[in-house]
Amino acid sequence: MNVISSISDSSERYARCIQTSKRVRWDIDKDVIRGRNFDTNHKFLPDGLSLADAFSTLSVDEKRYVSQIQGRTYANIFGLVERFINAKVLELSEDHWFGDQVALEALVRFSDEELKHQELFRLVDTMVAEVLPDGYRFDVNPNDVARAVLGKSTWAVLALTLDIELFTQVHYRQSIDPDTELSELFRDVFFFHWKEESQHAILDELEWVRHDAGLTAEQRDTAVDDSLSWSPR
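Model, not experiment: these values are computed from the prediction.

K.L.:
How should the nonpolar core be read in this particular structure?
P.N.:
Core analysis: the largest hydrophobic core is formed by 45 residues, its most contacted members being Phe-38, Phe-84, Val-189 and Phe-190. Within the residue set of this core, elements represented by two or more residues are helix H1 (3-24), helix H2 (28-33), helix H4 (60-93), helix H5 (101-129), helix H6 (142-150), helix H7 (154-176) and helix H8 (184-212). The residues contacting Phe-84, other than those within four sequence positions of it, are Ala-146, Val-149, Leu-150, Val-157, Leu-160, Thr-161 and Ile-164.

Laid out in structure tokens, this is it:
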């Protein structure tokens, strides 16, 4: 594939992300919450993610409670990571200010959706707090995490972001969607989140490839080292 056809193909993929973004666009109150509350008679996080079944000493009710605590944390983690993802997307959009306006629109939509997702997960935490006992703590500052992650190279941040977007897709399709014992509201939160994150994964890949093309071999080696610094030792 020559350079011109490669650029054209990328532009078309940005355009398709815009079209899909318009088609699946949703509203937090009207489409997701719809006047409902979280039902504690049901699990929040599926067994495939909570691994609650592994707690052989817990009763069925206790396992369900564990899934609800873990589900609250799961939602909070997404709200946390989307802080640095949005910041990086806005930074990358500057590369398109005076260039590909289709790519710019796609990234602006990406950013807008990430801000909405952060709002949704803040609301989820507030609503879960109303139905679960007091004492839960999530003592992680999203801004501190964002500053630490954004201190790494753009290549490494995009690699991490794409990994997050991809496991979001896998978690929903393989664990959340098939579990019929989940709270309907909890499942819907991640169903609507999944619908928009599908486009984000494509845009992450496009931006990662675009950024990678401008790196020297030495810069890429440094970026890979940045990525490996997040891996468990």
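K.L.:
Would you take a moment to explain the pattern of salt bridges for this structure?
P.N.:
When the charged atoms of two side chains lie near each other, side chains of opposite charge can form a pair. A full pass over the atoms with the stated rule returns 17 salt bridges. Among the salt bridges present, the one from Glu-91 reaches Lys-88, with a minimum N-O distance of 3.0 Å. Pair noted here: Glu-91 and Lys-88 are both in helix H4, with a separation of 3 residues, about one helical turn. Look at Lys-88 and you get buried, because its relative accessible area is 3%. Three or more residues are tied together by salt bridges with common partners; here these are Lys-43, Asp-47, Asp-179 and Glu-181.

K.L.:
Even after reading the chapter, I still don't get the side chain of Asp-226, so can you show me in this structure?
P.N.:
Here Asp-226 shows up in helix H9 (residues 217-228). One buried charge, Asp-226, has no salt-bridge partner; the nearest side chain with opposite charge is Lys-152, at 4.4 Å. Residues contacting Asp-226, with those up to four places away along its chain left out, are Lys-152, Ser-153 and Ala-156.

K.L.:
Hey, could you run me through unusual backbone geometry in this one?
P.N.:
Trans peptide bonds make up the majority, and among non-glycine residues the majority have a negative phi. The residue Arg-34 is not glycine, and still its phi comes out positive at about 55°. Along the chain, Arg-34 turns up in the loop between H2 and helix H3 (47-50). Residue classification places Arg-34 among the partly exposed positions, given a relative accessible area of 44%. A positive phi is found at Leu-51, a non-glycine position, where the angle reads about 60°. As for its position among the elements, Leu-51 is in the loop between H3 and H4. For Leu-51, a relative accessible area of 54% translates into the label exposed.

K.L.:
Before we go on, may I ask you to explain the packing of H7 against H9 in this structure?
P.N.:
Relative placement of two packed helices is described by the angle separating their axes and the distance separating the axes. It is at 8 Å that the axes of H7 and H9 come closest, and there the two elements cross at 45°. Of the possible angle classes, the one that applies to H7 and H9 is oblique. Considering only the axes of H7 and H9, their crossing is right-handed. Judged by residue contacts, Trp-155, Ala-156 and Ala-159 of H7 engage Arg-220, Ala-223, Val-224, Asp-226 and Ser-227 from H9. By residue class, the composition of the contact of H7 with H9 is 5 nonpolar, 1 polar and 2 charged.

K.L.:
Help me understand H4, please; the structure alone is not making it clear to me.
P.N.:
An α-helix turns once per 3.6 residues; consequently, residues spaced three or four apart project the same way. Compared with the 50 Å implied by 1.5 Å per residue over 34 residues, the 48 Å span of H4 between its first and last C-alpha is a close match. Where H4 bends most, at Glu-82, the angle is about 25°.

K.L.:
For this particular structure, what's the right way to read the environment of Arg-173?
P.N.:
One can find Arg-173 in helix H7. We classify Arg-173 as exposed; its relative accessible area is 57%. Separated by 31 residues in sequence, Arg-173 and Asp-204 place their C-alpha atoms 20 Å apart. Look past the residues within four positions of Arg-173 in its chain and what remains in contact with it is Pro-178 and Trp-194.

K.L.:
It is not clear to me how the environment of Leu-80 should be interpreted in this structure. Could you clarify?
P.N.:
As for its position among the elements, Leu-80 is in helix H4. Given the relative accessible area of 9%, Leu-80 is considered buried. Placed 94 residues apart in sequence, Leu-80 and Gln-174 show a C-alpha to C-alpha distance of 23 Å. Leave out the neighbours within four places in its chain, and Leu-80 touches Phe-138, Val-140, Pro-142 and Val-145.

K.L.:
What exactly am I supposed to notice about the side chain of Glu-207 here?
P.N.:
Note that Glu-207 resides in helix H8. Overall, the relative accessible area of 1% leaves Glu-207 in the buried class. Side-chain polar atoms of Glu-207 contact the side chain of Arg-210, separated by 2.6 Å. Apart from the residues lying within four places of it in its own chain, the contact partners of Glu-207 are Tyr-14, Leu-92, His-96, Leu-107 and Leu-158.

Parameters at a glance
Residues numbered from 1 in each chain as written. Predicted model: local features only at pLDDT ≥ 70, side-chain atom pairs only at ≥ 80, totals over all residues. Heavy atoms only, no water. Core = buried A, V, L, I, M, F, W, Y, C linked by side-chain atoms within 4.5 Å. Buried < 20%, exposed > 50% of the residue type's maximum accessible area, 1.4 Å probe, protein only. Helix = DSSP H or I, 4+ residues; strand = E, 2+ residues; numbered from the N terminus. Contact = heavy atoms within 4.5 Å. Salt bridge = Lys/Arg side-chain N within 4 Å of Asp/Glu carboxyl O. Lys, Arg positive; Asp, Glu negative; His and termini not counted. Axes fitted to C-alpha atoms, helices over the stretch in contact; angles between N-to-C directions. Parallel < 35°, antiparallel > 145°, perpendicular 65-115°, else oblique. Left-handed = near helix turned anticlockwise from the far one by under 90°. Nonpolar A, V, L, I, M, F, W, Y, C, P; charged D, E, K, R; others polar. Expected span 1.5 Å × (residues − 1). Bend = angle between axes of the 7 residues up to and from the residue. Polar contact = N/O pair within 3.5 Å; in protein donor to acceptor, adjacent residues only side chain to side chain.

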